[in-house]
Amino acid sequence: MAANPFSPPASVLSFGDQTPMATPGAHNDSHYPFPEARPRSGLTSVANSVADLPRMSSSIYSSSRPTTSSLSDSPHASSRHLSGRLREAFAAPSSRPLTIHSALAPAKSKRDRPKSTMLTTAPNKPWLSSRDPYARIAYSLTYGMIFVGVVVSAVKCFLDYRNVPMITGNLCMVLNEDFSSEDGVFGDNGTFFREVDMSGFGNGEFEMTTASENNSFVANGHLYILPTLTSDSIPMADILDGHVYNISGCTYNITQGLSYTDSSSTAATNVNETAIGSNTFDAEAYYKACSAVSNATAGTIINPVQSARLSTRKTASMKFGRVDMWPAIWMLPVDDAYGAWPLSGEIDIMEARGNGPSYPKQGTDYVRGSLNWGPLTWLNEVWRTYGWWQMKRGSYDKGFHTYSLEWTEKFIRIYVDSRLHHMLELNINEAFWDRGDFPAVVQNGSEVVALENPWVNGTNAAPFDQRFYLILDVGIGGTNGWFPDGPEKPWLDGSLTAMRDFLNAQDQWYPTWPTNPDQRAFVIDSVQMYEQC
């Protein structure tokens with residue numbers, strides 16, 4: 001049996017001076033025609049097996065390496081081994097055992113061991129023998145302040161709860177309408193009276209209010225007030241120029257009181273005037289309320305939107321009590337006991353702009369409550385008595401909410417859904433004349449007007465010590481400042497052509513109106529009025 005040519009003789013395993021392998025630096029690239037036959041990196045330590053040694057005959061390469069015949073016991077194996085090794089040179093080297101290590105491997109360096117950081121002696125703890133007196137004071141102050149804070153908070157909550165003004169005594173039902181049926185809502189004996197008017201109601205509003213069932217109706221157990229375009233019934237060309245429009249069923253002869261159709265400084269202040277008719281006929285106010293003329297040269301147009309205004313002026317009113325509505329709008333006095341608006345007052349239970357929450361000047365995520373009052377028709381102190389509530393997540397046009405008024409001679413509170421969400425809470429602890437802090441004289445243009453207290457014969461609650469009735473409506477636009485001037489508004493309050501400018505921008509605002517009536521309309525679920533009795 002021939003000897004295994006890959007089994008090295010015992011003499012080769014000795015890594016002494018007889019080793020047939022020189023250091024890698026002793027050979028240049030010409031002695032290693034095949035990269036696979038080169039010594040591996042790290043051979044300085046001679047950490048290779050004998051199988052890595054080239055097995056070429058000395059007759060081919062002049063070298064100090066042993067011949068192939070010295071690696072075999074048979075004399076006939078030389079030529080066979082030579083041809084085998086020539087073929088082997090083109091093949092990948094055989095796997096090398098890694099069990100033979102050179103004794104020349106460098107020794108690992110020893111690093112100094114880090115010294116221990118353990119304490120060799122017990123630490124000094126003086127606080128165990130004597131405590132710091134300031135620590136006790138610090139603990140006492142900390143827990144003492146916490147206790148005081150809890151006690152003060154509890155006392156404040158109790159006092160606030162006890163001091164919340166509430167209506168005392170009995171409340172009698174004045175109105176309870178849930179709109180379960182259309183019967184009794186409108187008509188001669190109906191709860192709500194449809195006011196037909198084009199005057200703008202003292203606010204410069206752009207709508208006309210009608211008696212049409214297109215604009216106010218009862219359906220699905222709710223009351224709907226739905227605004228529509230005037231161009232649906234009148235050609236746009238007539239709205240803009242050359243047409244006289246007389247509104248059908250104008251109610252000015254019934255509602256001609258000076259409370260809302262005239263806000264000029266020359267308005268009469270006869271305390272005997274009533275909001276339900278007057279013996280004095282004002283032709284200018286009548287034509288303003290019942291007709292409109294479109295004239296392109298003058299910049300006047302016919303009101304571009306039709307809506308509805310409903311009131312309980314003929315059926316239900318109250319003095320001191322409570323109103324709960326889903327939702328409510330505002331209240332006006334039945335009789336102008338102290339003069340024209342705002343001398344006799346106005347209570348806004350809820351007002352809101354129909355613009356979405358992205359509107360920068362309080363959109364549908366805000367609701368406001370306010371009191372309008374003042375000694376002159378052009379001097380309104382509403383800025384002293386108003387407030388709002390914001391819905392942090394959502395908007396008020398997405399569902400029903402209960403808007404409430406609680407009103408006595410001692411306080412007025414307006415809130416939405418809960419007393420905690422009050423828009424306005426006013427304690428009537430002083431007369432409104434004193435609250436207004438009015439000067440002795442005021443100037444209206446070039447005219448100097450001496451101020452007199454119009455509520456001198458009333459109570460501290462005057463002008464809010466008279467009977468008021470409810471009004472529900474949807475207004476469009478206006479020039480009274482409710483919509484502040486800005487880039488998001490296509491008209492200016494001081495412009496003589498404000499209504500026409502609004503109509504010219506119809507392509508901007510009309511696409512924002514929902515096509516679904518349930519979403520566009522002002523929807524009321526129920527109305528309750530209670531009066532102290």
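Residues numbered from 1 in each chain as written. Predicted model: local features only at pLDDT ≥ 70, side-chain atom pairs only at ≥ 80, totals over all residues. Heavy atoms only, no water.

A. Summary view of the sheet that holds strand β5 (residues 222-225). Strands sit in the order β4-β5-β23 across an open sheet of three strands; the sheet is antiparallel. Sheet topology places β4 (216-219) and β23 (522-524) at the edges, where each strand pairs with a single neighbour. Between one strand axis and the next, the sheet turns by 25° as a mean value, whatever way the strands run. (Pairing = 2+ DSSP bridges. Helix = DSSP H or I, 4+ residues; strand = E, 2+ residues; numbered from the N terminus. Axes fitted to C-alpha atoms, helices over the stretch in contact; angles between N-to-C directions.)

B. Examining the nonpolar core more closely. In terms of nonpolar packing, the biggest core is built from 75 residues, with Met331 and Ile347 touching the most fellow members. Apart from residues lying up to four places away in sequence, Met331 is in contact with Met318, Val323, Glu346, Ile347, Ile349, Leu405, Phe468, Tyr469, Leu470 and Met529. Core analysis: the next-biggest nonpolar cluster, separate from the first, contains 15 residues, Val196, Ile239, Ala289 and Ile301 among them. (Core = buried A, V, L, I, M, F, W, Y, C linked by side-chain atoms within 4.5 Å. Buried < 20%, exposed > 50% of the residue type's maximum accessible area, 1.4 Å probe, protein only. Contact = heavy atoms within 4.5 Å.)

C. Inspection of the state of the cysteines at higher detail. As enumerated under the stated definition, the model contains two disulfides in all. The disulfide partner of Cys172 is Cys533, and the gap between their sulfur atoms is 1.8 Å. For the disulfide bridge between Cys172 and Cys533, the dihedral angle about the S-S bond is near 85°, and by the sign convention the bridge is right-handed. Here the residue Cys172 occupies a position in strand β1 (residues 171-177), and Cys533 occupies one in the segment after β24 (527-532), the gap between them amounting to 361 residues. On the basis of relative accessible area, Cys172 is assigned to the partly exposed category, the value being 33%. A sulfur-sulfur distance of 1.9 Å marks the disulfide that ties Cys250 to Cys290. When the S-S torsion is -65°, as for the bridge of Cys250 with Cys290, the disulfide is left-handed. Taken together, the residues span a long stretch of sequence, with Cys250 in the loop between β7 (243-246) and α5 (252-255) and Cys290 in helix α6 (residues 283-290) at a distance of 40 residues. Going through the protein chain in sequence order and numbering each bonded cysteine, the pairs you get are 1-4, 2-3. (Disulfide = S-S within 2.5 Å.)

D. Local environment of a nonpolar patch on the surface. Together, Phe147, Val148, Val151, Val152, Val155, Phe158 and Leu159 line one region of the surface with nonpolar side chains, adding up to about 610 Å² of accessible area. Inspection of the secondary structure assignment puts Val155 in helix α3 (residues 133-163). (Patch = residues over 30% accessible without salt bridge, like charges linked within 9 Å, V, L, I, M, F, W, Y side chains within 5 Å. Areas by Shrake-Rupley, 256 points an atom, 1.4 Å probe, with all protein chains shown as cover. Salt bridge = Lys/Arg side-chain N within 4 Å of Asp/Glu carboxyl O.)

E. Summary view of the pairing of β5. Side chains His222 and Tyr224 project from β5 onto one buried face, and the interleaved Leu223 and Ile225 project onto a second face that is buried too. Pairing between β4 and β5: four bridges, direction antiparallel. Each bridged residue has a counterpart across the sheet, and for Phe217 the counterpart in β5 is Tyr224. The hairpin turn running from β4 into β5, its antiparallel successor, is two residues long, and Asn220 in that turn takes a positive phi close to 55°. In terms of strand pairing, β5 meets β23 through three bridges, oriented antiparallel. In the strand pairing of β23, Ile225 is matched with Phe522.

F. Structural view of the pairing of strand β21 (residues 447-450). Note: strand β20 (residues 441-444) against β21, four bridges, orientation antiparallel. Across the sheet, the residue bridging to Val441 is Ala450, located in β21. Between the end of β20 and the start of β21, which pair antiparallel, lie two residues, with Gly445 showing a positive phi angle near 70°.

G. Looking closely at the packing of aromatic side chains. All chains considered together, the criterion is met by 23 aromatic pairs. Ring geometry for Tyr286 versus Tyr287: centroids 5.6 Å apart, planes at 70°, classification edge-to-face. The exposure class of Tyr287 is exposed, given its relative accessible area of 53%. Here the aromatic rings of Trp433 and Phe438 are separated by 5.0 Å at their centres, their planes lie at 40°, and the arrangement is tilted. An identical accessibility class is assigned to Trp433 and Phe438; each is buried. Every member of this aromatic cluster is reached through a ring pair, and the members are Phe320, Trp373, Trp407, Phe432, Trp433, Phe438, Trp455, Phe464 and Phe468. Between the NZ or CZ atom of Arg194 and the centre of the ring of Phe186, over which it lies, the distance is 3.7 Å. (Phe/Tyr/Trp six-rings, centres within 6.5 Å; stacked < 30°, edge-to-face > 60°. Lys NZ or Arg CZ within 6 Å of the ring centre and 35° of its normal.)

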